[in-house]
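Observations on the three-dimensional arrangement
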Amino acid sequence: MPGALTGNYGKVQSSLFNILIDEYGAGVHDVKHSTLFMKLMNSLGLASDPHVYWQFYQPSSLMLNNYFHFITRNKRFFFKYIGALFYTEASLANISKEQAILVKDVFGNGVDTQYFDEHYHIDEHHGEMVLFRIIQPLLEQYGNQIVNDILLGFEEFQLLQRLADEDILIQLEWADNLDTYRDKGDELFHKLPADVDLDTFDEALGERSTTHTHPDHRLLYIERGEMDFWSLVGDPVKLKEKDVLLIPKHRLHGSVVRSSSCLYHQPIIESML
């Protein structure tokens with residue numbers, strides 16, 4: 001947001017700044033949004049240090065931040081930014097309320113949901129501010145020539161948000177059902193063509209594969225040794241000799257070798273699915 005605030009463009013600039021300072025608790029540290037988020041994390045028994053879970057950020061989630069970074073650093077996209085901001089502020093009020101209910105249903109009433117509660121309270125107001133104190137005055141000043149950019153920003157961020165939502169749901173489905181994907185992997189491994197490229201790795205104790213994704217479906221077959229395997233933050237899955245796992249394309253995963261050495265293969269099986 002500070003990237004879009006520089007310059008001198010009247011009341012619209014002041015309205016944008018009004019929204020920004022609300023994010024910082026209007027100068028009151030205890031109600032700053034990041035402070036409230038830290039309280040939420042602590043009440044769930046999770047670490048609240050900045051980016052401590054960075055290895056498990058979905059690429060599609062990073063894409064949301066990258067989009068805002070791009071359109072706020074280039075002033076020719078200012079009106080696209082306003083459209084994307086409107087989508088964000090107008091939609092967060094509803095989803096924040098649902099998130100607060102969900103977290104309490106799952107973890108109990110002891111969870112500090114003020115982070116969600118504050119967004120439900122303030123973002124309804126922010127949505128109205130963007131519409132009536134930013135978009136409407138801009139349309140009165142510049143006319144229909146800016147409509148396409150405002151709408152494009154709204155639609156682009158809505159699309160990216162939908163992709164991110166779908167991505168995390170697919171990741172959770174895979175991570176929650178790894179036993180099923182072990183069975184599928186074992187079945188597919190025994191059907192591999194004789195001439196398939198096994199894509200072999202031979203790694204030493206402690207060698208780690210930082211979380212990443214592949215653009216294709218793959219099998220993970222442990223020929224020798226053991227590794228810890230992560231599909232989500234938390235305790236790893238133990239994979240040992242002769243274990244097979246199907247890793248669908250775009251699924252985030254990482255590993256650490258736990259034996260003196262580990263020989264494994266990752267054949268691409270795109271044509272088999």
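Coordinates for the structure precede this section.
The paragraphs below set out a description of the structure included in this document.

**Comments concerning the side chain of T88**
Secondary-structure assignment places T88 in helix α4 (residues 78–107). Given the relative accessible area of 17%, T88 is considered buried. Polar side-chain contacts of T88 include one of 3.0 Å to the backbone oxygen of A84. Sequence-distant contacts of T88, that is, excluding residues within four places in its chain, are made with F68 and F157.

**Observations concerning the sheet that holds strand β8 (residues 261–265)**
In space, the 4 strands of this open sheet follow the order β1-β8-β3-β6, with antiparallel pairing throughout. The strands lining the two open edges of the sheet, one partner per strand, are β1 (200–204) and β6 (244–247). This sheet shows a mean twist of 25° between the axes of neighbouring strands, independent of strand direction. Direction of pairing for β1 relative to β8: antiparallel, over a ladder of 5 bridges.

**So, a nonpolar patch on the surface**
A surface patch of nonpolar side chains, amounting to about 300 Å² of accessible area, comprises W54, Y57 and L62. Within the secondary structure layout, Y57 lies in the loop between α2 (33–43) and α3 (59–73). Since its relative accessible area comes to 30%, Y57 is described here as partly exposed.

**A few points about the layout of surface pockets**
Estimated volume of the second largest pocket: approximately 180 Å³. Looking at the second largest pocket, the residues that line it are Q55, F56, R208, S209, T210, T211, W230, V233, G234, G254, S255 and V256. For the lining of the second largest pocket, the secondary-structure elements that each account for two or more residues are β2 (208–212) and β7 (253–257). Top element by residues in the lining of the second largest pocket is β2. It accounts for 4 residues.

Definitions and limits used
Residues numbered from 1 in each chain as written. Predicted model: local features only at pLDDT ≥ 70, side-chain atom pairs only at ≥ 80, totals over all residues. Heavy atoms only, no water. Helix = DSSP H or I, 4+ residues; strand = E, 2+ residues; numbered from the N terminus. Buried < 20%, exposed > 50% of the residue type's maximum accessible area, 1.4 Å probe, protein only. Polar contact = N/O pair within 3.5 Å; in protein donor to acceptor, adjacent residues only side chain to side chain. Contact = heavy atoms within 4.5 Å. Pairing = 2+ DSSP bridges. Axes fitted to C-alpha atoms, helices over the stretch in contact; angles between N-to-C directions. Patch = residues over 30% accessible without salt bridge, like charges linked within 9 Å, V, L, I, M, F, W, Y side chains within 5 Å. Areas by Shrake-Rupley, 256 points an atom, 1.4 Å probe, with all protein chains shown as cover. Salt bridge = Lys/Arg side-chain N within 4 Å of Asp/Glu carboxyl O. 1 Å grid on protein atoms, 1.4 Å probe; cavity = no way out; pocket = protein on both sides within 12 Å on 5 of 7 lines; lining within 4 Å. Points joined across faces, edges and corners; volume = space filled by probe spheres on them.

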